[in-house]
Amino acid sequence: MDKPVEMFDRDHEWSALGRFITDTQPGATLGVVSGRRRQGKTFLLDAACRAAGGFYFGATEATDVESLRRIGAALTAHVRPASPYHFADWFEAVDVLLALGAERPVPVVIDEFPYLARANPELPSVLQEAFRPLREQRTASRARVLLCGSALSFMGKLLSGNAPLRGRAGLELIIRPLDHRLAARFWDISDPRLAMQVNAIVGGTPAYRREFARGDSPTGPEDFDDWVVRTVLNPETPLFREARYLLAEEPDLRDTGLYRSVLAAVADGNGTRGGVAGYLERKATDISHPINVLEDAGLLHRDADVFRDNRSTYRIAEPLIAFYHAIMRPVWDQLERPGSARRVWQASRRRFASNVLGPHYEQVCRDWTLHHADPDLIGGLPARVGHGVVHDAKARVGHEVDVAVIGIADGGRPPLLAIGEAKWNDTIGIAHIDRLRAIRDLVRQAGRYDTSETRLLCFSGAGFNDKARAAAAADPDIRLVDLDTLYGPTSH
């Protein structure tokens, strides 16, 4: 299948779909495609159907009877049978879908599948029966059925545990947001500092540029403030209310006020369960359920402390939601009034830098270390990259480590390949390096990790002074990582 020229990147996803769809083996097969909203799943699957001559059906929120009527009408238009399809139940509908692959492999897409399953909870069991290994309708078909959905809490459970479809799917594809490098290319931004600022607001969601901002991208660093005012803070644009809609669209979030308060607590820097509970003036046990639901929905992400067991911190997984709760929600009434955006933004820039941009930059540094950094630079292939707090028993203080790179354990203690400091607005100096050396000594004393070859990584969005550069030149264990390195050659 030829990928559409207008599709940006998604080479891996397109190839995976192509292999699944064009597989010539006999027997119908089932695939599951999921991902947060606005990532381009519908565009991807619709394009695959067009390229391979398949059938695409987009479900809507409707009753079971209406959905059966809609898919019957869609199949009638696609197949053009002698008489229109009128399905009594989903068993009949699924068999007609399987029959589409009687002569050749053909994609059959059911988009927004959670809508159908919510109206008819038995639908996964219907598909389980339809895909029974020796069932004639399945063995005689080469339909490549793809179930797609944005409700991550539902889609994540579709193939897990004792779910009816567990073991039935031959493809499980997650459509993720573009990473920071791809997002910079997608937004056509060559300046890495500007790219990071934009990424901290809109992340890597393709729809936010194409549909929501109507292609409006900052023309340069001097245009960033104006771009914020005319797009995300402008009540006339879809971006303005998008964060609120993302929460409302999740089917498992019933008491949205409570969930918004949990996200607001995290956006305000309260990353632990205790911190969230204190912010809400509730017991920690009272907020366990909303935190778990937000995790399942893909809106909160839990990061385990790499230095202390049983301690985790939470961060908001969608940058636009973090921006909304840190910047927009506290002054929503003002922002809704046209013409107030510039005044609000001028008063919010410091909060943006500390509560949004700084934490986002740290996470990008961790992602870069895990997915992009040359293993020679960090001392080996990372098994995981996280952050945590190293406790100094003598001084009775904890030292935060922004980037901690854990290597692959080979029969002994896991190697701590590197620890790093990430500063967005601070110029890195020798004091930062000395701090990392002291933390490395504390980790060595704790004995949990092998620190014999631990390197020191210094990330800065503002640069490095002469003493830091001299220290790095003299000591190969010290590595300085600037914005150009984070973004690589694609930023030029």
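Everything below is about the structure shown above.
Cut-off values and rules
Residues numbered from 1 in each chain as written. Predicted model: local features only at pLDDT ≥ 70, side-chain atom pairs only at ≥ 80, totals over all residues. Heavy atoms only, no water. Helix = DSSP H or I, 4+ residues; strand = E, 2+ residues; numbered from the N terminus. Core = buried A, V, L, I, M, F, W, Y, C linked by side-chain atoms within 4.5 Å. Buried < 20%, exposed > 50% of the residue type's maximum accessible area, 1.4 Å probe, protein only. Contact = heavy atoms within 4.5 Å. Pairing = 2+ DSSP bridges. Axes fitted to C-alpha atoms, helices over the stretch in contact; angles between N-to-C directions. Parallel < 35°, antiparallel > 145°, perpendicular 65-115°, else oblique. Nonpolar A, V, L, I, M, F, W, Y, C, P; charged D, E, K, R; others polar.

(A) Spotlight on the environment of serine 340. Among the structural elements, serine 340 can be located in the loop between α18 (332–336) and α19 (341–371). Taking C-alpha positions, serine 340 is 8.8 Å from asparagine 234, a pair spaced 106 residues apart along the chain.

(B) The nonpolar core, seen in detail. Counting residues in each nonpolar core, the largest one holds 86 residues, and the members touching the most others are Ile201, Phe323, Met328, Phe352, Phe459 and Leu486. A total of 10 residues in this core trace back to one element, the largest contributor, which is α19. Not counting residues within four places of it along the chain, the set of residues in contact with phenylalanine 352 comprises Gln197, Ala200, Ile201, Phe224, Phe323, Ile327, Trp345 and Leu357. Residues Val32, Leu98, Phe113 and Val126 belong to the second largest nonpolar core, which totals 34 residues.

(C) Fine view of the pairing of strand β2 (residues 55–58). Side-chain alternation along β2 places Phe55 and Phe57 on a buried face and Tyr56 and Gly58 on a face that remains uncovered. Both β2 and strand β3 (residues 106–111) contribute to a ladder of four bridges, which runs parallel. Within β3, the position partnered with phenylalanine 57 by the bridge is isoleucine 110.

(D) Local environment of the packing of helix α10 (residues 192–202) against α19. Interhelical geometry of α10 versus α19 gives an angle of 100° and a closest axis separation of 9 Å. Classed by the angle they form, the pair α10 and α19 counts as roughly perpendicular. Facing α10, whose interface residues are Met196, Gln197, Asn199, Ala200 and Ile201, α19 presents Phe352, Val356, Leu357, His360, Tyr361 and Val364. The class makeup of the residues in the contact of α10 with α19 is eight nonpolar, three polar and no charged.

(E) Seen up close, the sheet that holds strand β1 (residues 29–34). The parallel open sheet is built from five strands, whose spatial order is β2-β3-β4-β1-β5. Bordering the open sheet on either side are β2 and β5 (169–174), each of which pairs with just one other strand. Shown here is a sheet whose adjacent strand axes are inclined to one another by a mean of 15°, direction ignored. Sheet topology note: the β3/strand β4 (residues 143–149) ladder contains five bridges and is parallel. Its bridge partner being in β4, valine 109 is matched across the sheet by leucine 146.

Without other data, these values stay purely geometric and don't point to any function.
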